[in-house]
Amino acid sequence: MTNQGKAYAYGLMTVLLWSTVASAFKLSLAHMDHLQLLFYSCIFSTLTLFGVLAAQGGIGRLMAFSRREWAISAAFGLLNPFLYYVILFKAYDLLPAQEAQPLNYTWAVTLALLSIPLLGQRLSIKDLAAILVSYSGVVVISTRGKLTDMTFSDPLGVALALGSTIVWALYWIYNTRDGRDPVAGLTANFLFGTVYVTAATLALSSPVVGDVRGILGAAYVGVFEMGITFVLWLRALKLTSSAAKVGNLIFISPFLSLVLIHLLVGEEIRSSTIVGLVFIMAGIALQQYRPRRTQAA
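Small disclaimer: the values here were computed from a predicted structure and weren't measured.

Enquirer: Quick question: what am I supposed to make of the overall build of the chain here?
Expert: In terms of regular secondary structure, the chain is built from 14 helices and zero strands. Expected size for 297 residues packed as a compact globule is a radius of gyration near 19 Å; at 19 Å, the chain falls within 12% of this value. In terms of its C-alpha atoms, the chain occupies a principal-axis envelope of roughly 55 × 55 × 40 Å. Among the 297 residues that make up the chain, the fraction classed as buried is 48%. In the chain, 87% of the contacts between residues at least 6 apart in sequence involve partners at least 24 apart. Entry remark: accessible area of the chain is about 13,900 Å², with carbon and sulfur atoms responsible for 67%.

What follows is the structure, given as structure tokens:
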């Protein structure tokens, strides 16, 4: 198999795993609250990342971090996994999975908006059109297609789902300036995130979960949503001849996720969800589109 073929294989594995996590979130939240889910997910993800780092012979890179680099991880860990997943899991707790999942995909649009003040980038007409198209989809999903009423299905849940995209975008904007080994850096971030969520769980919830199905769901989320997928995606990007070739695979994930939400969670997928998701993904595609001459340059 060529390197590009391997890149597609790693990319598809990542996309397939990403497609399952919305269902895993919702099924797990039936047996635990959002803080408990994050608490156990962080434990499993941190152990997974330590295992990956050890297999790569990278524990030495982690131990060689300076005080400043550990301080960076303390700040990053506050954003992701702590704040991001606390907000996202609460959104999934309040909303049907078919609504929370597409709304979360608007993080790419949020990233473009935040890049204006934080990175000094300029908003082009194409970017503005992409934002309007994507957020039209948000309105369709949030109102469940009842555009004349403009009554949101769950205002707090919608606000949290969209708010999670701000945290995620901030994390990746600041992460672009981090020159450390990505797996070692992420492991350190999750180590601090686990400390934060442990404190929050002890203060506001309880680590005791009465149903083992909740623990198993959290293990799945921790290993695959927060751990293995990151490593697989990095591998795909390293092997591909063009990041765009692999990046286009992400457009499969939200639609496959809706199928799994219907089959595994039992939600009847509304036509407004599909229409709204098409708008969101069309906006993201428009934002990422580059003319061939620009790509060649």
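Enquirer: Would you mind going over a nonpolar patch on the surface with me for this structure?
Expert: Together, Leu113, Ile116, Leu123, Leu128 and Leu132 give the surface a local cluster of nonpolar side chains, amounting to about 390 Å² of exposed area. Put simply, the parts of the chain that give the nonpolar patch at least two residues each are α6 (107–119) and α7 (125–142). Mapping leucine 123 onto the fold places it in the loop between α6 and α7. Taking relative accessible area as the criterion, leucine 123 reaches 38% and is therefore assigned partly exposed.

Enquirer: Got a minute to help me understand unusual backbone geometry in this structure?
Expert: One can expect most non-glycine residues to show negative phi and most peptide bonds to be in trans. Cis geometry marks the peptide bond from asparagine 80 to proline 81; its omega dihedral reads 25°. Within the secondary structure, proline 81 is located in helix α4 (residues 67–94). At arginine 144, a residue that is not glycine, the phi angle is positive and equals roughly 55°. With respect to the element layout, arginine 144 can be found in the loop between α7 and α8 (155–175).

Enquirer: Sorry, what's going on with the pattern of salt bridges here?
Expert: Side chains that carry opposite charge are capable of pairing whenever their charged atoms lie near each other. Taken as a whole and judged by the stated rule, the model has seven salt bridges. Of the charged contacts in the structure, one is a salt bridge between aspartate 178 and arginine 180, with a shortest N-O distance of 2.9 Å. A residue is classified by how much of its surface remains accessible, and arginine 180, at 9% relative accessible area, is buried. Through salt bridges with shared partners, one network takes in Glu99, Arg144 and Arg270.

Enquirer: How do you make sense of the environment of serine 124 when you look at a structure like this?
Expert: Along the chain, serine 124 turns up in the loop between α6 and α7. A C-alpha to C-alpha distance of 39 Å links serine 124 and cysteine 42, two positions 82 residues apart in sequence. Within the structure, serine 124 has its side chain in polar contact with the side chain of aspartate 127 (distance 3.1 Å).

Enquirer: So what exactly am I meant to see when it comes to the packing of aromatic side chains here?
Expert: Aromatic ring pairs are described here by two measures, namely the spacing of the ring centres and the angle between the planes. Under the criterion given, the structure shown has 16 aromatic pairs. A centroid spacing of 4.5 Å and a plane angle of 35° characterise the contact between tyrosine 84 and tryptophan 168, whose relative ring orientation is tilted. Taken together, the positions of tyrosine 84 in helix α4 and tryptophan 168 in helix α8 put the pair 84 residues apart, joining distant regions of the chain. Judged by relative accessible area, which is 4%, tyrosine 84 ranks as buried. Look at tryptophan 168 and you get buried, because its relative accessible area is 16%. Here the aromatic rings of tryptophan 168 and tryptophan 172 are separated by 5.7 Å at their centres, their planes lie at 75°, and the arrangement is edge-to-face. In this pair, tryptophan 168 and tryptophan 172 both sit in helix α8, four residues apart, roughly one turn of the helix. The class for tryptophan 172 is partly exposed, based on a relative accessible area of 27%. Every member of this aromatic cluster is reached through a ring pair, and the members are Phe25, Phe76, Tyr84, Tyr85, Phe89, Tyr92, Trp107, Trp168, Tyr171 and Trp172. A cation over a ring is seen here: arginine 180 above phenylalanine 65, with NZ or CZ 4.8 Å from the ring centre.

Enquirer: Help me out: how do you make sense of the side chain of serine 23 in this one?
Expert: Mapped onto the fold, serine 23 is located in helix α1 (residues 3–29). For serine 23, a relative accessible area of 1% puts it in the buried group. In this structure the side chain of serine 23 is engaged in a polar contact, spanning 3.4 Å, whose partner is the backbone nitrogen of isoleucine 261. Among residues more than four places away in sequence, those in contact with serine 23 are Leu260, Ile261, Leu264 and Val265.

Enquirer: I'm lost on the packing of helix α5 (residues 97–104) against α7 in this one. Help?
Expert: Packed helix pairs are specified by the crossing angle of their axes together with the interaxial distance, meaning the distance between the axes. Remark: α5 packs on α7, axes separated minimally by 10 Å, with the N-to-C direction vectors making an angle of 170°. Classed by the angle they form, the pair α5 and α7 counts as roughly antiparallel. Crossing hand, α5 versus α7: left-handed. Of the residues in α7, those in contact with Glu99, Pro102 and Leu103 of α5 are Val138, Ile141 and Ser142. In terms of residue class, the contact of α5 with α7 is made up of four nonpolar, one polar and one charged.

Thresholds applied
Positions within a chain are numbered from 1, following the residues in the order the chain's sequence is written. Side-chain atom pairs in this predicted model are given and counted only at pLDDT of 80 or more, local residue features only at pLDDT of at least 70, and totals for whole chains, interfaces and linings cover all residues. To get the side-chain values, take all heavy atoms of the structure and skip hydrogens and water. Elements are defined by DSSP. Helices are runs of H or I of four residues or more, strands are runs of E of two residues or more, and each kind is numbered from the N terminus. When we talk radius of gyration, it's over C-alpha atoms, and the globule rule is simply 2.2 Å times the number of residues to the 0.38. Only protein chains enter the accessibility calculation, which uses a 1.4 Å probe. A residue is then buried if its area is under 20% of the maximum for its type, exposed if over 50%, and partly exposed in between. By definition, residues are in contact when any of their heavy atoms lie within 4.5 Å. Using a 1.4 Å probe, the Shrake-Rupley method yields the accessible areas, and only the shown protein chains count as cover for residues. Patch definition: residues with relative accessible area over 30% and no salt bridge; like charges joined within 9 Å; nonpolar side chains (Val, Leu, Ile, Met, Phe, Trp, Tyr) joined within 5 Å. Salt bridges are counted wherever a side-chain nitrogen of Lys or Arg sits within 4 Å of a carboxyl oxygen of Asp or Glu. Identification of polar contacts relies on pairs of N or O atoms within 3.5 Å, with a donor-acceptor requirement for protein atoms, meaning one able to donate a hydrogen and the other able to accept it, and with residues adjacent in sequence counted only if both atoms are side-chain atoms. Here the aromatic set is Phe, Tyr and Trp, taking the six-membered ring for Trp, and pairing holds for ring centres within 6.5 Å; pairs whose planes are under 30 degrees apart are stacked, those over 60 apart are edge-to-face, and all others are tilted. Lysine and arginine charges are scored as sitting over a ring when NZ or CZ, respectively, is within 6 Å of the ring centre and within 35 degrees of the ring normal. As a rule, the C-alpha atoms of each element are fitted with a line to give its axis, helices using only the stretch in contact, and angles between N-to-C directions run from 0 to 180 degrees. The cut-offs work like this: below 35 degrees is roughly parallel, past 145 is roughly antiparallel, 65 to 115 is roughly perpendicular, and the gaps in between are oblique. The crossing is said to be left-handed when, going from far helix to near helix, the turn is anticlockwise and less than a right angle, and right-handed when the turn is clockwise. Nonpolar residues are Ala, Val, Leu, Ile, Met, Phe, Trp, Tyr, Cys and Pro. Charged residues are Asp, Glu, Lys and Arg, and all others, Gly as well, are polar.

Any functional reading would require information that these geometric values do not contain.
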